[in-house]
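Analysis of the macromolecular model
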Amino acid sequence: MDSPMILRVIMTEADIRKIKLTTKPCSVEDLISCLKNTLALEYNFTLQFQDPDFNNELCNLTDLSELPHKPTVKIIPQLELMPVLSSDAQESTEALSDAASSADTILISTSPQEQKMPWPEVFMIPKFSVDVEYRLRQANLIYLRDETPLKMTKELKHDILQKLAENIYSFKAYPTSSDIKDVAKALVAAHPCLRESGSPSGYCGWTHSLKDKMGNYRSKMRSLGHTDVMVNAGKRGRYSASRDPPNKNIKKPRKGEVNYLPDCPDGLDASSLEKYRQELVDEMKKKKPSADFISQRMDITLSFRRKEVVIDKPPLSQLLERWPALISESQVYQEFSRVVGKNLKQEFYGSLDRHCPQLIQIFRSKRGLTGQILSDLLQQIK
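Predicted model only: the values in this text are computed from it and were never measured. (Residues numbered from 1 in each chain as written. Predicted model: local features only at pLDDT ≥ 70, side-chain atom pairs only at ≥ 80, totals over all residues. Heavy atoms only, no water.)

On to the overall build of the protein, then. Helices and strands together make up the secondary structure of the protein, namely 14 helices and 5 strands. By the burial criterion, 35% of the 382 residues in the protein qualify as buried. Partitioning the contacts of the protein with sequence separation of at least 6, the portion at a separation of at least 24 is 60%. For the protein, the computed accessible surface area is about 24600 Å², with 53% contributed by carbon and sulfur atoms. (Helix = DSSP H or I, 4+ residues; strand = E, 2+ residues; numbered from the N terminus. Buried < 20%, exposed > 50% of the residue type's maximum accessible area, 1.4 Å probe, protein only. Contact = heavy atoms within 4.5 Å. Areas by Shrake-Rupley, 256 points an atom, 1.4 Å probe, with all protein chains shown as cover.)

With that out of the way, let us pick up the nonpolar core. Side chains of nonpolar character tend, in soluble globular proteins, to be buried together. By size, the foremost hydrophobic cluster in this structure holds 32 residues, and its most contacted members are Phe128, Ile160, Leu164, Leu187, Trp206 and Leu210. Of all the secondary-structure elements, those providing two or more residues to this core are helix H3 (130-146), helix H4 (154-169), helix H5 (177-190) and helix H6 (204-223). Contact partners of Leu210, with chain neighbours within four places excluded, come to Leu161, Leu164, Ile168, Ile180, Val183 and Ala184. Counting 20 residues, the second-largest nonpolar core is a separate cluster that includes Met11, Ile32, Val73 and Ile75. (Core = buried A, V, L, I, M, F, W, Y, C linked by side-chain atoms within 4.5 Å.)

Let us now look at the packing of helix H8 (residues 270-284) against helix H9 (residues 291-300). The N-to-C vectors of H8 and H9 enclose an angle of 155°; their axes lie 10 Å apart at closest approach. With respect to H9, the axis of H8 lies roughly antiparallel. H9 is crossed by H8, and the crossing has left-handed handedness. Along its contact with H8, which presents Leu273, Tyr276, Glu279, Leu280, Glu283 and Met284, the element H9 presents Phe293, Ile294, Arg297, Met298 and Ile300. Residue classes in the contact of H8 with H9 are distributed as 8 nonpolar, no polar and 3 charged. (Axes fitted to C-alpha atoms, helices over the stretch in contact; angles between N-to-C directions. Parallel < 35°, antiparallel > 145°, perpendicular 65-115°, else oblique. Left-handed = near helix turned anticlockwise from the far one by under 90°. Nonpolar A, V, L, I, M, F, W, Y, C, P; charged D, E, K, R; others polar.)

Next up on the list: the environment of Asp282. Residue position: Asp282 is located in helix H8. Look at Asp282 and you get partly exposed, because its relative accessible area is 39%. Taking the C-alpha atoms as reference points, Asp282 and Pro324, separated by 42 residues in sequence, lie 9.8 Å from one another.

Turning our eyes to something else, we now look at the packing of H4 against H5. As a packed pair, H4 and H5 sit with axes 12 Å apart at the nearest point and diverge in direction by 130°. As far as their axial angle goes, H5 and H4 are oblique. As H4 packs across H5, the resulting crossing turns out to be right-handed. Of the residues in H5, those in contact with Ile160, Leu164 and Ile168 of H4 are Ile180, Val183 and Leu187. Broken down by class, the residue content of the contact of H4 with H5 amounts to 6 nonpolar, no polar and no charged.

Before going further, it helps to examine the pattern of salt bridges. What the rule picks out here adds up to 13 salt bridges. Between Asp146 and Arg145 there is a salt bridge whose closest N-O contact spans 3.6 Å. Looking at Asp146, the relative accessible area reads 39%, which means it is partly exposed. According to the relative accessible area criterion, Arg145 is exposed, its value standing at 65%. Glu335 is the salt-bridge partner of Arg338, the closest N and O atoms lying 2.6 Å from each other. With Arg338 and Glu335 both in helix H12 (residues 329-340) and 3 residues apart, the pair spans about one turn of that helix. By relative accessible area, Glu335 is classed as buried at 13%. (Salt bridge = Lys/Arg side-chain N within 4 Å of Asp/Glu carboxyl O.)

Attention shifts here to H6. With 20 residues, H6 should reach 28 Å at 1.5 Å per residue; the first-to-last C-alpha distance of 29 Å fits that figure. Along H6, the residues classified as buried are Trp206, Thr207, Ser209, Leu210, Lys213, Met214, Tyr217, Arg218 and Met221. Among the residues trailing H6, Gly225 stands out with phi positive, at a value near 95°. (Expected span 1.5 Å × (residues − 1).)

Let us now look at the packing of aromatic side chains. Following the criterion strictly, the structure yields 6 aromatic pairs and no others. Centre to centre, the rings of Phe123 and Phe171 are 6.0 Å apart; their planes meet at 65°, and the pair counts as edge-to-face. With Phe123 in the loop between helix H2 (87-98) and H3 and Phe171 in the loop between H4 and H5, the pair connects residues that are 48 residues apart, well separated along the chain. Overall, the relative accessible area of 13% leaves Phe171 in the buried class. Between Lys157 and the ring centre of Trp206, over which it is positioned, the NZ or CZ distance is 5.6 Å. One cation-aromatic arrangement involves Arg305 over Trp323; the distance from NZ or CZ to the ring centre is 4.8 Å. (Phe/Tyr/Trp six-rings, centres within 6.5 Å; stacked < 30°, edge-to-face > 60°. Lys NZ or Arg CZ within 6 Å of the ring centre and 35° of its normal.)

With that out of the way, let us pick up unusual backbone geometry. Even without glycine at this site, Lys70 takes up a positive phi of about 50°. Looking at the element boundaries, Lys70 is found in the loop between strand E4 (57-60) and strand E5 (72-77). Classification of Lys70 by relative accessible area gives exposed; the value is 55%. Located in the positive-phi region is Glu147, a residue other than glycine, with phi close to 60°. Take Glu147: it is sitting in the loop between H3 and H4. Residue Glu147 is classed as exposed on the basis of its relative accessible area of 60%.

The next thing to look at is the side chain of Asp131. Following the sequence through the fold, Asp131 ends up in helix H3. Those residues in contact with Asp131, other than ones at most four positions away along the chain, are Met11, Thr12, Lys74 and Pro77.

Pasting the structure below:
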């Protein structure tokens, strides 16, 4: 007959229970099922346990034989998000797909690979895991009552920084100091319990922690093969191949590029992208090249093209020889959209409207032949 099993189960930091199972489960899946039934949990979760081999630090539970006598396990909720498209959105999508394009229409390119988003004007703090959200919500209520800050644990701080780093990386691999400061400020505004009592602003410590976390997160992304950070591998410290000092010649967005060095689309590599590039060259040689085909191939090969521009830095003549589609006006607009994520024509005319009064004043202040030519131009626009 199987012996009973006694566990210490950590639901949250404020909810820790003693559970006694009549029989010892045969596997981790059985243990999860027993805990689901005993605790009446309706969500999926995994388990971590305090490993005595590592001073009772938490480790993922993969085999029941790893558990010590009377173990302490922690429940890690798993969220499963399903994208839902409303009926209005479906109708809007169908209407857009059926709409005919005109000659003056500027298409906003949507490349098949995952693209970054422009940095938001107001940074919104993402939702954390169920466990972290619960603990922050309870701590916020206590803080609003008597301004008692949350007693931060190493594990909780790691979870918060990890989620914030993932969210920041979706916008920028190399955020500026101002960007990091905005995130830290938004964090303590959304969760007052995280405000630092000894800090002048209340978030100086979070700012420094986020900077360090982003460096570690970039190292992780570099090891996973992400191009936008791999390009700078070996450029910091004494192990730099070129012996350059740290922070020199770091390749990162400097002029608002949201897709500075995107990764290759899934299932494609340099040889397949080179094949697509050659198809583009052949298509442009035709008397009437297909605009749809060119746009599709230019979207797919964006990562290949950006790698050439950023790393190889070819002269303009060579770039246009390899990518002749960039000569066309429509592809210039679409390439700007692919890289910067904005409509070039709208941005240009919008800026021109903003600066028009100052330009007119400059024109009127000119004298001589230049002033006469500019004066004639001003008469034409009246």
